[in-house]
Amino acid sequence: MMASNNNQGDELEIIRQDAQREPYNPKPALLSFLENIMNGDNKDHDDSNMKMATAAMVLALAFMPLDANAAMSGGRMGGSFSSSRPSVSRSAPSSASYSRGFSRGYSSGVYSRPSATIITPGFGYNPFYSPVTPYYGSPGVIGYSRGPSFFDIAFFGAFLFVALNIVSKAGNTFTEGATSTFSDVFDSATSSSSVLGPGASVVQLSVALDVPNRDDRDSILGVLERLAQTAKTDSRVGIQNLTSQVALELLRRRTSISSASSSYKHYRDSQKASRDFQSKSVQERSKFEREVVSKFGGVDYSSSSRTPGTKADGKATMAVVTLILNIDGDSTKIPKINSLSDVEEALRKIASDAKVDDCLQSAEILWTPEDRTESLSQGDVVADYPELRSV
C-alpha cells in the first residue's frame, strides 16, 4: 500500500515538472532564425547571418506553391494572311526561233535583229568525176553581225545591276562585322521590298499592368472584352485595326504598366519568319490552362461556357497583355525594354506600322486573366513571365 502511494507521488511530481517547462515553439526554423537576426542576436556574425537568411528566403520562395487564386485562363485574338508581294522568279526566259535563210528570235516579247550569212561557191577538183568537170567544193561561209540586240543589252544591264548590289551588300556586311553567306546576300539583293523595307520581322511585346478594379469597363481587361466581341479577325484590315487599337489602349494606360519585355528578329526569308511567329504563339498560349476567349482568322474557338463572376468581382488584379507580329520589312524594330520610355516607343511603333499598306502578315494578341473569378498576383506574373523587367 505504501509502495503504491509512493509511485503515485512520483508520477505527480513528473507531471508538475513538465508543466513548469517552457512550452515548445512550433514556429518554423527559418522564421525563428530571422526573428533572432531582427532582435540583434549574434551581432558578431551579422553579415554571415544575413547571407544565410537571404539564401534561405530565396529557396523558400522558389519552392513555395502558387496561390490557389492564380489565373489559369486567358484570351486570344488574331489572324494570319499570305503575303501580297509578288515573288521573284529566277528561271531563264524561253525563246523560239524561226529560220529560213536567216534566224529571227523572239524572247519575252523582245525582237532580235536577224543575222545574215553569205555563201560563196568554191572551185576544186573531184576525183570521182572527169578532171575537166568543174567542181564546187565546200562553200565558204562569211558571217557578220549588226551589233548587240535589245535583249542582249537588257540582260547585260540586269546582270550588272545584280552584281553591283552583291558587291555593295558584301562590303557593308564586312564593314559592320556581321557574318553572312553569299546566298543570303544574293537573296537580299534580288528579293522584293515592301514599304517598311526588305524581308520580314517577328516582333513580340509583353506588358504587365496593375488593374485596381477587375470589373471597371475602362480597365484594359474591360477594353479587351469589348474588342473581342467586335473584332473582325477574318480580314487583314480587321487585324490591322485590332492590333493598332490594342497597342494604343496600352499606351493610354502607361502609368499602370509595372513591367514589360520585348523581342525582335529580322528574316530575309518570309517562311522562316512565319515559323518563328507560330513558335512564339504556341509558347505563349501554353501558359494558359484554358482559353476562355479564342478568335482567330474569323473562327470562334472560345469556351462554350463562362464561369459567372462571383469571387473576384471588383477586386484588384495584375494583367499581362502580349502582342506578337509577323510584319514585312525591318522598320518595326522595337527597342529592348529598360525603362517606361522604351515601352512607349515600342507601342507607338506597333500601333503605327501595323496599319501600313498590307505589311502585317500575322498578328496575335493574348492576355490573362480572362475568367472573372480569377485574379493574378505579382508572384504569379514573376512565375509565368520571368522575362519581364520592372519599369
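Treat the numbers as computed from the prediction; the structure is a model and nothing was measured.

Analysis parameters
Residues numbered from 1 in each chain as written. Predicted model: local features only at pLDDT ≥ 70, side-chain atom pairs only at ≥ 80, totals over all residues. Heavy atoms only, no water. Helix = DSSP H or I, 4+ residues; strand = E, 2+ residues; numbered from the N terminus. Polar contact = N/O pair within 3.5 Å; in protein donor to acceptor, adjacent residues only side chain to side chain. Pairing = 2+ DSSP bridges. Contact = heavy atoms within 4.5 Å. Axes fitted to C-alpha atoms, helices over the stretch in contact; angles between N-to-C directions. Core = buried A, V, L, I, M, F, W, Y, C linked by side-chain atoms within 4.5 Å. Buried < 20%, exposed > 50% of the residue type's maximum accessible area, 1.4 Å probe, protein only. pLDDT = per-residue confidence, 0-100. Patch = residues over 30% accessible without salt bridge, like charges linked within 9 Å, V, L, I, M, F, W, Y side chains within 5 Å. Areas by Shrake-Rupley, 256 points an atom, 1.4 Å probe, with all protein chains shown as cover. Salt bridge = Lys/Arg side-chain N within 4 Å of Asp/Glu carboxyl O. Expected span 1.5 Å × (residues − 1). Arc of directions from axis to C-beta. Parallel < 35°, antiparallel > 145°, perpendicular 65-115°, else oblique. Left-handed = near helix turned anticlockwise from the far one by under 90°. Nonpolar A, V, L, I, M, F, W, Y, C, P; charged D, E, K, R; others polar.

> Quick question: what am I supposed to make of the environment of Ser352 here?
Within the secondary structure, Ser352 is located in helix H9 (residues 340–353). A sequence separation of 109 residues divides Ser352 from Thr243, and the C-alpha atoms of the two residues are 9.6 Å apart.

> Even after reading the chapter, I still don't get the environment of Ser194, so can you show me in this structure?
Considering the arrangement of structural elements, one finds Ser194 in strand S9 (residues 193–194). Taking the C-alpha atoms as reference, Ser194 lies 7.1 Å from Cys359; in sequence the two are 165 residues apart. There is a polar contact of 2.9 Å between the side chain of Ser194 and the backbone oxygen of Gly197.

> Any chance you could explain the sheet that holds strand S12 (residues 257–267) here in plain terms?
Within a beta sheet, neighbouring strands are joined by backbone hydrogen bonds and run either parallel or antiparallel to one another. Strand order in the open sheet formed by 8 strands is S14-S13-S1-S16-S15-S11-S12-S17, and the pairing between neighbours is mixed. Taken across any chain shown, the strands that pair with only one partner, and hence form the sheet edges, are strand S14 (299–300) and strand S17 (389–390). Sheet analysis places strand S11 (residues 200–211) next to S12, joined by 10 bridges and oriented antiparallel. In the strand pairing of S12, Val202 is matched with Lys265. Strands strand S1 (73–80), S11, strand S13 (290–296), strand S15 (317–328) and strand S16 (360–368) of the sheet are contacted by helix H6 (residues 220–230), whose axis makes an angle of about 50° with S15. In the packing of H9 onto the sheet, the strands contacted are S11, S12 and S15, and the crossing angle to S11 comes to about 125°.

> Would you mind going over the side chain of Ser201 with me for this structure?
Mapped onto the elements of the fold, Ser201 is located in strand S11. A polar atom in the side chain of Ser201 sits 2.6 Å from the backbone oxygen of Gly329. Contact partners of Ser201, with chain neighbours within four places excluded, come to Tyr264, Lys265, His266, Leu325, Asn326, Ile327, Gly329 and Asp330.

> I keep staring at the nonpolar core and nothing clicks. Help me out?
Proteins that are soluble and globular tend to have nonpolar side chains buried together. Val246, Val321, Leu323 and Trp367 are the most contacted members of the largest nonpolar core, which has 41 residues in total. Where this core is concerned, the elements lending two or more residues are S11, H6, helix H7 (236–252), S12, S13, S15, H9 and S16. For Leu323, the contacting residues outside a window of four places in its chain are Val203, Gln204, Leu205, Thr243, Val246, Ala247, Leu250, Ile350, Glu364 and Ile365. Within the second largest apolar cluster, 11 residues are counted, among which are Val320, Leu366, Leu376 and Tyr385.

> Got a minute to help me understand the confidence of the model for the chain in this structure?
Per-residue confidence for the chain gives a mean pLDDT of 73, with 55% of residues at or over 70. Of the regions scoring below 50 in pLDDT, residues 22–31 engages in 5 contacts with residues more than four places distant in sequence or in other chains. A low-confidence stretch, residues 87–138 stays under pLDDT 50, and its non-local contacts, those more than four residues away or across chains, total 59 contacts.

> What should I look at first to understand a nonpolar patch on the surface in this one?
On the surface, a nonpolar cluster with roughly 330 Å² of combined accessible area is contributed by Phe156, Leu160 and Leu164. Inspection of the secondary structure puts Leu164 in helix H4 (residues 150–176).

> Before we go on, may I ask you to explain unusual backbone geometry in this structure?
Both trends apply: most residues other than glycine have a negative phi, and most peptide bonds are in trans. The step from Thr368 to Pro369 runs through a cis peptide bond, and the omega angle for that step is 0°. For Pro369, the location among the structural elements is in the loop between S16 and helix H10 (378–384).

> What am I meant to see in helix H8 (residues 270–285) here?
The periodicity of an α-helix, 3.6 residues per turn, causes residues three or four positions apart to be oriented the same way. Between its first and last C-alpha, H8 extends 23 Å over 16 residues, near the 22 Å set by a 1.5 Å rise per residue. Residues Ala273, Asp276, Phe277, Lys280, Ser281 and Glu284 constitute the buried set of H8. The buried residues of H8 occupy an angular sector of 135° when the element is viewed end-on, so they sit on one face. Exposed side chains of H8 directed beyond 90 degrees from the buried face belong to Arg275 and Val282. Residues of H8 that are buried sit in contact with S11, S12, S15 and S16.

> Explain the environment of Ser235 here, please?
Its place among the elements puts Ser235 in the loop between H6 and H7. The class of Ser235 is partly exposed, set by a relative accessible area of 26%. A C-alpha to C-alpha distance of 7.5 Å links Ser235 and Gly297, two positions 62 residues apart in sequence.

> Help me understand the pairing of S12 in this model?
Put simply, side chains in a regular strand alternate between the two faces of the sheet. Pairing geometry for S12 and S17, over 2 bridges, is antiparallel. For Ser259, the partnering residue across the bridge sits in S17 and is Ser390.

> Mind showing me how you'd approach the packing of H6 against H7 here?
In a pair of packed helices, the angle between the axes and the distance between the axes together describe the arrangement. With their axes 11 Å apart at the nearest point, H6 and H7 run at an angle of 165° to one another. By the angle between their directions, the pair H6 and H7 is classed as roughly antiparallel. Of the two possible hands of crossing, H6 and H7 adopt the one that is right-handed. Here H6 contributes Ile220, Val223, Leu224 and Leu227 to the contact with H7, which in turn contributes Leu242, Gln245, Val246, Glu249 and Leu250.

> Is there a simple way to think about the packing of H7 against H9 in this case?
At a closest axis distance of 8 Å, the pairing of H7 and H9 adopts a crossing angle of 155°. The angle between the axes of H7 and H9 places the two elements in the roughly antiparallel class. Judged by the sense of rotation from one axis to the other, the crossing of H7 with H9 is left-handed. Between H7 and H9, the residues in contact are Thr243, Ser244, Ala247, Leu248, Leu250 and Leu251 and Glu344, Leu347, Arg348, Ile350 and Ala351, respectively. The class makeup of the residues in the contact of H7 with H9 is 7 nonpolar, 2 polar and 2 charged.

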